[in-house]
There are 2 protein chains.
Amino acid sequence: MESATVDVFDINCPSRAVMEHLSSRWGVLIQIMLLREGTMRFSELRRAIGGVSEKMLAQTLQTLERDGIVDRFVHPVIPPHVDYSLTELGEQAARAVNTLFDLIAGRWTDFEQAQDAYDKRKGEK
Amino acid sequence: MESATVDVFDINCPSRAVMEHLSSRWGVLIQIMLLREGTMRFSELRRAIGGVSEKMLAQTLQTLERDGIVDRFVHPVIPPHVDYSLTELGEQAARAVNTLFDLIAGRWTDFEQAQDAYDKRKGEK
DNA sequence: CTGCATCCTAAAAGATACTG
DNA sequence: CAGTATCTTTTAGGATGCAG
């Protein structure tokens, strides 16, 4: 019994798609947010994540749910109440994504300086 | 002297853009590849990363160079020879991205099962 | 070989209105 | 409240040709 070969560098490998879901614009923010808060409902996520449209939030959540990253729990009440949280697998992914965020936040001046230096180099020529 | 406030959840915060560069489709693959190989030239990256066009590779490399993730070294020869490698900052980012890849590769069956289960649930309804 | 410039298409994302 | 459906706009991305 062999472990499946997974190669994100192969454009036809299905892992490429999962990688893109995990690293998608709204996907990363959802993961970080849920990692911080544990559980959030749709409208809370909507408010917390600046710039997401209703449509993109719903769509991204569905993709992440399908990949086993996010759990969706519907409370059988009216008006509707739907809770989202990370699965154990999702928590692993979210930690990695959050490391990326911490790096950006922690070394923000480095990023700014790099950008300034680059723009200066280009401006001269 | 305060550390700058950085908030990826604010659509107007410049950190949002950097996060998108780091997690972009081709950005993640470039980072993982350079982390593995150390240094690669343009044409090597082009061959190694399935599906990248010349245009997108050049464009993504420039963005990553501007953000201080990637170093670009032009050998003054004809025909041109350009080497790309990770900066120290880029190496930190690449490690986080690579963790994501390891997760996908290491737990691929979990992802597949989650997808199958989701599709089955939906198919029934 | 390593790009850049241009054009063009397909896909992603936003706005809006509507429903259970 | 939590979506879906539809429409429009924007952006990403591919193809090609050319230059240093």
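Every chain is numbered independently, its residues counted from 1 as its sequence is written. Chains and ligands are labelled by the order in which they are written, letters from A for the one and numbers from 1 for the other. In keeping with the predicted nature of the model, local features appear solely for residues at pLDDT of at least 70, side-chain atom pairs appear and are counted solely at 80 or more, and the whole-chain, interface and lining totals rest on all residues. Each side-chain value is worked out from all heavy atoms of the structure, with water and hydrogens disregarded.

Caption draft 1: View of the pattern of salt bridges. Put simply, a salt bridge is a Lys or Arg side-chain nitrogen that is within 4 Å of an Asp or Glu carboxyl oxygen. For the structure shown, the criterion picks out 12 salt bridges over all chains. In this structure, Arg66(A) and Asp119(B) form a salt bridge, with 2.5 Å as the shortest nitrogen-oxygen distance. Remark: Asp119(B) occurs in helix 6 (residues 108-124) and Arg66(A) occurs in helix 4 (residues 54-66); the pair is interchain, linking two chains. We call a residue buried when its accessible area falls under 20% of the maximum for its residue type, exposed when it is over 50%, and partly exposed in between, using a 1.4 Å probe and counting protein chains only. You can call Arg66(A) partly exposed: its relative accessible area is 27%. For Asp119(B), a relative accessible area of 37% translates into the label partly exposed. Here Glu91(B) and Arg95(B) are joined by a salt bridge, their closest N and O atoms 2.8 Å apart. Remark: Arg95(B) and Glu91(B) occur in helix 5 (residues 88-106); sequence separation between them is 4 residues, near one turn of the helix. Each of Glu88(A), Arg107(B) and Asp110(B) takes part in one network of salt bridges that share partners. Helix numbers and strand numbers start at the N terminus; a helix is a DSSP run of H or I with at least 4 residues, a strand a run of E with at least 2.

Caption draft 2: View of the nonpolar core. To define a nonpolar core, start from buried Ala, Val, Leu, Ile, Met, Phe, Trp, Tyr and Cys residues and group those joined through side-chain atoms within 4.5 Å. By size, the foremost hydrophobic cluster in this structure holds 74 residues, and its most contacted members are Leu45(A) and Leu45(B). In what follows, a contact means two residues having at least one pair of non-hydrogen atoms within 4.5 Å. Contact partners of Leu45(B), with chain neighbours within four places excluded, come to Met33(B), Leu34(B), Met40(B), Leu57(B), Leu61(B) and Tyr84(B).

Caption draft 3: The arrangement of the relation of the copies chain B and chain A in detail. Placing chain B over chain A gives an RMSD of 0.0 Å and needs a rotation angle of 180 degrees, together with 0.0 Å of translation along the axis. Such a combination of turn and shift is consistent with a two-fold rotation axis. We superpose the copies by least squares over the C-alpha atoms of residues that have a pLDDT of at least 70 in both of them.

Caption draft 4: Quick look at the protein's contact with DNA strand C. Proximity criterion: a residue is near a molecule or strand once any of its heavy atoms comes within 4 Å of it. Taken together, 17 residues form the shell around DNA strand C, and within it Lys55(A), Ser43(B), Gln62(B), Arg72(B) and Tyr84(B) come nearest. Each atom of DNA strand C within 4 Å of the protein was classed as base or backbone; sugar and phosphate made up 58%. Within the side chain of Arg41(B), a nitrogen or oxygen atom sits 2.9 Å from a phosphate oxygen of DNA strand C. Residues adjacent in sequence count toward polar contacts only when both atoms are side-chain atoms; beyond that, a polar contact is any pair of N or O atoms within 3.5 Å, and within protein one must be able to donate a hydrogen and the other to accept it. Measuring from a base nitrogen of DNA strand C, one finds a side-chain N or O atom of Glu54(B) at 3.3 Å. Contributing elements (two or more residues each) for the surface near DNA strand C: helix 4 of chain A together with helix 3 (42-48), helix 4 (54-66) and strand 3 (81-86) of chain B. The element best represented in the surface near DNA strand C is helix 4 of chain A, accounting for 3 residues.

Caption draft 5: Representation of the packing of aromatic side chains in the model. Paired rings are identified among Phe, Tyr and Trp, the last through its six-membered ring, by centres lying within 6.5 Å, and are further divided according to the angle between planes into stacked (under 30 degrees), edge-to-face (over 60) and tilted (the rest). Scanning the entire structure with this criterion turns up 2 aromatic pairs over all chains. In this analysis the charged atom, NZ for Lys or CZ for Arg, is taken to sit over a ring once it is within 6 Å of the ring centre and within 35 degrees of the ring normal. Over the ring of Phe101(A) we find Arg36(A); its NZ or CZ atom is 5.1 Å from the centre of that ring.

Caption draft 6: Highlighting the UniProt feature "domain: HTH hxlR-type" (unreviewed entry) in chain A. UniProt positions are given in the numbering used here, feature names are shortened, and annotations may be inferred rather than shown by experiment. Taken from the UniProt record, the annotation "domain: HTH hxlR-type" (unreviewed entry) applies to residues 13-112 of chain A. Segment residues 13-112 of chain A splits into 66% helix and 15% strand. End C-alpha atoms: 36 Å apart.

Caption draft 7: Summary view of the packing of helix 4 of chain A against helix 6 of chain B. The axes are straight lines fitted to the C-alpha atoms, using for helices just the contacting stretch, and the angles between their N-to-C directions are given from 0 to 180°. Closest axis-to-axis distance for the helix 4 of chain A/helix 6 of chain B pair is 8 Å, and the angle between their directions is 120 degrees. Here Gln62(A), Glu65(A) and Arg66(A) of helix 4 of chain A come into contact with helix 6 of chain B, specifically with Ala114(B), Gln115(B), Tyr118(B), Asp119(B) and Arg121(B). For the contact of helix 4 of chain A with helix 6 of chain B, a count of residues per class yields 2 nonpolar, 2 polar and 4 charged. Three classes are used, and their members are as follows: Ala, Val, Leu, Ile, Met, Phe, Trp, Tyr, Cys and Pro are nonpolar, Asp, Glu, Lys and Arg are charged, and the others, Gly among them, are polar.

Caption draft 8: Structural detail: the side chain of Ser85(A). All names here are of chain A. If you trace the backbone, Ser 85 turns up in strand 3 (residues 81-86). Judged by its relative accessible area of 19%, Ser 85 is buried. In this view, Ser 85 contacts Leu 34, Gly 38, Thr 39, Ile 69, Val 70 and Asp 71; residues no more than four positions away in its chain are not counted.

Caption draft 9: Region of interest: the pairing of strand 3 of chain B. Residue and element names in this part refer to chain B. Where burial is concerned, most of strand 3 is hidden: 5 out of the 6 residues are buried. Two strands are counted as paired when DSSP detects at least two bridges linking them. Judged from the 3 bridges that link them, strand 1 (residues 39-41) and strand 3 form a sheet pairing that is antiparallel. Note on strand 3: the bridge partner recorded for Arg 41 is Asp 83. Pairing between strand 2 (residues 70-75) and strand 3: 6 bridges, direction antiparallel. Bridge pairing links Val 74 to Val 82 in strand 3. Between the end of strand 2 and the start of strand 3, which pair antiparallel, lie 5 residues.

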